[in-house]
Amino acid sequence: FSRLWGQDTIDLMQNRHILSPATLPPPKVVLHNQFHESINCSPSIMRCTLTKIPESNSLLQKSRLPLGIVIHPFRDVNSLPVIQCINIVRCRLCRTYINPFVYFVDSKMWKCNLCYRVNELPDDFQFDPATKTYGDVTRRPEVRSSTIEFIAPSEYMLRPPQPAMYLFLFDVSIIAQQSGYLEAACAVLNRHLDEMPGDARTQVGFICFDSFVHFYSMAEGLNQPHEMTLLDIEDPFLPRPDNLLVNLKECKELVRDLLKQLPKRFAHTHDPCSALGAALQVAFKLMQASGGRITVFQSCLPNKGPGALEPREDPNNRSAKDVAHLNPATDFYKRFALECSGYQIACDLFLMNQQYSDMATISGISKHSGGCVHHFPLYQKTKPHMVESFRSCFKRYLTRKIGFEAVMRIRCTRGLQVHTFHGNFFVRSTDLLSLPNVNPDAGYGMQISYDETLTDAKTICFQAALLYTNSEGERRIRVHTVCLPVTASLPEVMHSADTEAIIGLLSKMAVDRSVASNLSDARDAFINATVDVYNAFKIAQNLPSGQSGQLIAPRSLALLPLYILALLKHPAFRVGTSTRLDDRVYAMDCMKTLPLDQLMKYVYPELYKIDALIYHARNSNISSNQEDDEDEDEPLPELPRLQLSAEHLDSRSIFLMDCGTLIMIYVGLNVPPDVLEALLGISSTAGLGDYVYGLPNVVSNENDVLNRFISRLNYDKPYSALVQIIRDTSTAKGQFIERLTDDRSESSLSYYEFLQHIRAQVK
Ligand SMILES: [Zn+2]
């Protein structure tokens, strides 16, 4: 009976193979009959840590669960209703957009579901042009879809919509040149120049910097770009105001020319300096009038002029328990970002570093300006897989859609309020985020607190509204609304928990804790949160106290310790394993900004044994060889997900681990030669090198099926993962093994030991 109602419990000590055989769907939100479940916001866009909201703060406290939402507001979606209307219907009191969860008093009045004010409907809202009748308000797209986009009228803009403006800053110091990133970056830019979002007004510009700052003038009439160098970097100024940012359409040939010349131009430099601060200051002057996007490529510690930094990391201390220098060394970069934010400029950072570059400090340019950060440690043009990985990432970056001059506001039903935000932005007022740029790969998190109890409410709503200028110069508002039931029952609260959303929120809170206090505090908080939740559940269910040898969890929270342990072993939060400081800081940045689906793969990769795929390919031999119909592929067999433990490995099988941007294929020592031949085109595992990237192209059903399986894994990702093939005796094996977080290591507990540790603390 209780299973039927989603209230079954499980003893974690007795059920160590806890991961569901299939990827878990997000918990279902069950609403009262008045609202159709089908119209609720997609969980891939907005999810709450609890799918039933406690009616009061004291009830929430009893559950010991965090209340918050994780949101991926500008995600690429397949079908998005876009509407243009003169009157965008909003509540007169709280400015909430009309949505599927409002209450219609009659055909002329609606009651706001956030503040309960009764509002009048404009006449045109009641009119249905299709049937030419009045009164049927339920046909409106605003009431039928929880995700919708409005084309905004002029009162939603403070100035005419800005054109797309792109400015690229390239570090060309000697270290940058040795890594050879500029070649790849310019080639990708050249290839995808026409696919960058924008219209006839789009402008681009380029700045290089070493000890000095180099500008490129591309005036019409010039037959090639003209370089100017600024020598006085302590007091940077613009050498000339025009022709540095140029119209892409009109100057395309000059831009292409420049992109071909740049890698050669600095190929023989011996300049050890990188004046990032000065380059940023002039970039700001260049973009100030319009706003837009600054893309920074940096390959070493900025060491000259304003914003110069000193090395802080102690390389001998990379596995220490106390991690120092997670905070910025100077507020120069943060102040810069805040200034940018005021002028609708966002800064994105590609750190392609060979050595410590103080990511904790320089990433400030992105964190506080709505930008994004990408990291390619030890980038070398001689490593083809790195070049490939960078190319896919940078291509996605250049061609994905973009919103300019954006703000996002999260509204909640009366009684609730947002109190802490996570992600890259500037908080302008209590619930308003300033986003100079918004990109479709950015995730955000919000913690929610109570103003008052929700006794009268049966449901509550969160509504996110994102106002932005698209790359065609149109002002738009994308609105997402999620509706959740309210409950007064503690067991119901706990049975309705969404573990993945909770992990999404806790990981963000842990980053803040690490920075504001220290890493041990953050690690303790993870463990305490787990213990507290199971204690609370014991009380809620009236389970006997004392040591029973059991650890009883509601099914909804059964995966919590598995994920918490993986977080404790993640490069962001681990201790006892050597972790470069910049790598750790980047991992923390990912915790703050990855959307939930990507974050989960990053925290707890998906592991599959792919033998079943291979046998499936063999059995379907005849049917697929005859017809070459790509669209009518038969469905792949469902592979069970495995927990991350070496106990599943065996030497005759092949395993695949999807970590998000990297997919590792682990080939056992005794895989039959015919399988190796068909899948990888080799006769024995000895034919595999130590570092093999990409799936070899073999014409076979087996190879084809694996390719399809990988495409399916990549389907929801911003760009395809790099595939790495690892044989059992490879030196790369450690990279695979260290991700088996259920197993114990020299410095960390196994999953079972961790459960015992938790159980011992649950009273
Ligand atoms: Zn209202």
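Note on numbering: residues in each chain are counted from 1, in written sequence order. Residues qualify for local features only when their pLDDT is at least 70, as the model is predicted, and side-chain atom pairs are given and counted only at 80 or more; totals for whole chains, interfaces and linings, by contrast, use all residues. Heavy atoms from the whole structure form the basis of all side-chain values; hydrogens and water molecules are not counted.

Caption draft 1: Structural detail: the overall build of the chain. Runs of E in the DSSP output that reach at least two residues are strands. Runs of H or I that reach at least four are helices, and both are numbered from the N terminus. The helix and strand tally for the chain stands at 23 helices and 30 strands. We take the radius of gyration over the C-alpha atoms and set the globule estimate at 2.2 Å times the residue count to the 0.38 power. On C-alpha atoms alone, the chain measures out to a radius of gyration of 27 Å, which is about the 27 Å that the 2.2 N^0.38 rule sets for 763 residues. Dimensions of the chain, computed from C-alpha atoms along their principal axes, come out at roughly 80 × 75 × 60 Å. Summary of the burial criterion: residues with accessible area below 20% of their type's maximum are buried, those above 50% are exposed, and those between are partly exposed, where the area comes from a 1.4 Å probe applied to protein chains only. Looking at the chain residue by residue over its 763 residues, the buried ones come to 59%.

Caption draft 2: Broad picture of the coordination of the zinc ion. Water is not among the atoms examined, so metal sites may look incomplete; donors are the N, O and S atoms within 2.8 Å of the metal, or within 3.2 Å for Na, K and Ca. Protein coordination of the zinc ion is provided by Cys91 (SG), Cys94 (SG), Cys112 (SG) and Cys115 (SG), with donor distances spanning 2.2 to 2.4 Å. Taken in chain order, the donor set of the zinc ion reads C-x2-C-x17-C-x2-C. Here Cys91 falls in the buried class, since its relative accessible area comes to 0%. Taking relative accessible area as the criterion, Cys94 reaches 22% and is therefore assigned partly exposed.

Caption draft 3: Expanded view of the pattern of salt bridges. A side-chain nitrogen of Lys or Arg and a carboxyl oxygen of Asp or Glu constitute a salt bridge if their distance falls within 4 Å. Following the criterion strictly, the structure yields 37 salt bridges and no others. Where salt bridges share partners, they join Asp76, Arg396, Arg400, Lys401 and Asp441 into one cluster.

Caption draft 4: Summary view of the nonpolar core. Among buried residues, the Ala, Val, Leu, Ile, Met, Phe, Trp, Tyr and Cys ones that are joined through side-chain atoms within 4.5 Å form a nonpolar core. Membership of the largest hydrophobic core comes to 176 residues, with the highest contact counts inside it found for Leu169, Val213, Met446, Phe462, Tyr534, Phe573 and Phe736. A total of 11 residues in this core trace back to one element, the largest contributor, which is helix α14 (residues 519-540). For this analysis, residues touch if any pair of their heavy atoms sits within 4.5 Å. With residues near it in sequence (within four places) discarded, Phe573 still touches Ser507, Ala510, Val511, Ser514, Leu519, Arg523, Phe526, Leu567, Leu568, Arg584, Met588 and Met591. Of all hydrophobic cores here, the second largest spans 45 residues; its members include Ala185, Phe350, Met352 and Leu398.

Caption draft 5: How the structure looks around the packing of aromatic side chains. Only Phe, Tyr and Trp rings are paired, with Trp represented by its six-membered ring, and only when their centres lie within 6.5 Å; those with planes under 30 degrees apart are stacked, over 60 edge-to-face, the remainder tilted. According to the stated counting rule, one finds 27 aromatic pairs in the structure shown. Relative to Phe170, the ring of Phe168 lies with its centre 6.5 Å away and its plane at 15°, an arrangement referred to as stacked. Assigned by exposure class, Phe168 and Phe170 land together as buried. These aromatic residues form a ring-pair network of at least three members: Phe168, Phe170, Tyr181, Phe206, Phe297, Phe350, Phe376, Tyr379, Phe390, Phe394 and Tyr397.

Caption draft 6: Region of the structure containing the sheet that holds strand β8 (residues 118-120). Whether two strands pair depends on DSSP finding at least two bridges between them. The three strands are arranged β6-β7-β8 in an open sheet whose pairing can be described as antiparallel. Both edges of this open sheet fall to β6 (103-104) and β8, since each of them pairs with a single strand only.

Caption draft 7: Representation of the sheet that holds strand β28 (residues 662-667) within the structure. Spatially, five strands are ordered β26-β27-β28-β30-β29 in an open sheet, and the strand pairing comes out mixed. Both outer strands of the open sheet, β26 (606-609) and β29 (692-693), are each paired with one neighbouring strand and no more. As judged from the four bridges shared by β26 and strand β27 (residues 654-658), these two strands associate in the antiparallel manner. Of the residues in β27, the one forming a bridge with Leu607 is Met657.

Caption draft 8: Looking closely at the packing of helix α18 (residues 611-619) against helix α21 (residues 701-714). Axis angles are defined between N-to-C directions and span 0 to 180 degrees, where every axis is a line fitted to C-alpha atoms and, for a helix, only to the segment in contact. At a minimum axis separation of 8 Å, α18 and α21 run at an interaxial angle of 130°. Here α18 is positioned oblique relative to α21, judged by the angle of their axes. α18 and α21 meet at a crossing whose hand is right-handed. Contacts from Leu613, Ile614, His616, Ala617 and Arg618 of α18 reach α21 at Asn701, Glu702, Val705, Leu706 and Phe709. Basically, the charged four are Asp, Glu, Lys and Arg, the nonpolar ten are Ala, Val, Leu, Ile, Met, Phe, Trp, Tyr, Cys and Pro, and anything else, Gly included, counts as polar. Partitioning the contact of α18 with α21 into residue classes produces six nonpolar, two polar and two charged. These descriptions rest on fixed angle ranges, namely under 35 degrees for roughly parallel, over 145 for roughly antiparallel, 65 to 115 for roughly perpendicular, and the rest for oblique. In this scheme the crossing of two helices becomes right-handed for a clockwise turn of the near helix relative to the far one and left-handed for an anticlockwise turn of less than a right angle.

Caption draft 9: The arrangement of the environment of Ser750 in detail. When you line up the elements, Ser750 lands in the loop between α22 (733-737) and α23 (751-761). Here the alpha-carbon distance between Ser750 and Leu740, two residues 10 residues apart in the chain, equals 9.8 Å.

Caption draft 10: Fine view of the pairing of β27. With five of its five residues buried, β27 lies for the most part within the structure. Both faces of β27 are covered, namely the face carrying Ile654, Leu656 and Asp658 and the face carrying Phe655 and Met657. One ladder, built from five bridges, connects β27 with β28; its direction is antiparallel. Following the sheet pairing, Phe655 is matched in β28 by Tyr666. Count of turn residues in the β27/β28 antiparallel hairpin: three residues, of which Gly660 carries a positive phi of about 105°.

Caption draft 11: Highlighting the packing of helix α5 (residues 181-192) against helix α6 (residues 252-265). Put simply, α5 and α6 touch, their axes get as near as 8 Å, and they point 165° apart. Overall, the two elements α5 and α6 adopt an arrangement that is roughly antiparallel. Crossing handedness for the pair α5 and α6: left-handed. Together, Leu182, Glu183, Cys186, Leu189 and Asn190 of α5 and Arg256, Leu259, Lys260, Leu262 and Pro263 of α6 make up the contact between the two elements. By residue class, the composition of the contact of α5 with α6 is six nonpolar, one polar and three charged.

Caption draft 12: Region of interest: a nonpolar patch on the surface. Residues qualify for a patch when their relative accessible area is over 30% and they have no salt bridge, like charges being joined within 9 Å and the nonpolar side chains of Val, Leu, Ile, Met, Phe, Trp and Tyr within 5 Å. What sets the accessible areas is the Shrake-Rupley method with a 1.4 Å probe; for residues, cover comes only from the shown protein chains. Residues Tyr103, Val105 and Val118 make up a contiguous nonpolar surface patch of roughly 260 Å² in combined accessible area. Relative to the helices and strands, Tyr103 resides in strand β6. Residue Tyr103 is classed as partly exposed on the basis of its relative accessible area of 46%.

Caption draft 13: Representation of the environment of Val438. When you line up the elements, Val438 lands in strand β21 (residues 432-438). Separated by 36 residues in the primary sequence, Val438 and Ile402 place their C-alpha atoms 5.9 Å from one another. Look past the residues within four positions of Val438 in its chain and what remains in contact with it is Phe74, Ile402, Gly403, Ala406, Tyr444, Leu466 and Tyr468.

Caption draft 14: Structural view of the state of the cysteines. Note on terminology: pairs of cysteine sulfur atoms within 2.5 Å are recorded as disulfides. Applying the stated rule across the entire model yields zero disulfides. As a non-bridged cysteine, Cys48 has Cys412 as the owner of its nearest cysteine sulfur, 9.8 Å distant. A relative accessible area of 7% places Cys48 in the buried class. Left unpaired, Cys347 is separated from the closest cysteine sulfur, that of Cys340, by 4.3 Å. On the basis of relative accessibility, which here comes to 0%, the residue Cys347 falls in the buried class.

Caption draft 15: Expanded view of α14. Multiply 1.5 Å by the residue count of a helix minus one, and that product is the helix's expected span. Relative to the 32 Å expected for 22 residues at 1.5 Å per residue, α14 spans 32 Å between its end C-alpha atoms, a close match to the ideal helical length. In protein, a polar contact requires one atom able to donate a hydrogen and another able to accept it; more generally it is a pair of N or O atoms within 3.5 Å, and residues adjacent in sequence count only if both atoms are side-chain atoms. Measuring from the backbone nitrogen of Ser520 back to the side-chain oxygen at the start of α14 gives 3.1 Å, which picks out Asn518 as the cap. Positive backbone phi, at 55°, marks Asn542, one or two positions downstream of α14.

Caption draft 16: Up close: helix α11 (residues 384-399). Compared with an ideal rise of 1.5 Å per residue, which puts 16 residues at 22 Å, α11 spans 22 Å between its outermost C-alpha atoms and is within 8% of the ideal. In the core, the buried residues of α11 are packed alongside β10 (165-171), α5, β15 (292-298), β16 (345-351), β17 (373-375) and β30 (722-727).

Caption draft 17: Quick look at the side chain of Asn437. Summarising the element assignment, Asn437 is placed in strand β21. The exposure class assigned to Asn437 is buried, which follows from its relative accessible area of 4%. A polar contact is formed between the side chain of Asn437 and the backbone oxygen of Gly292, at a distance of 3.4 Å. Not counting chain neighbours up to four residues away, the residues in contact with Asn437 comprise Gly292, Arg293, Ala346, Ser369, Gly370, Ile402, Gly403 and Phe404.

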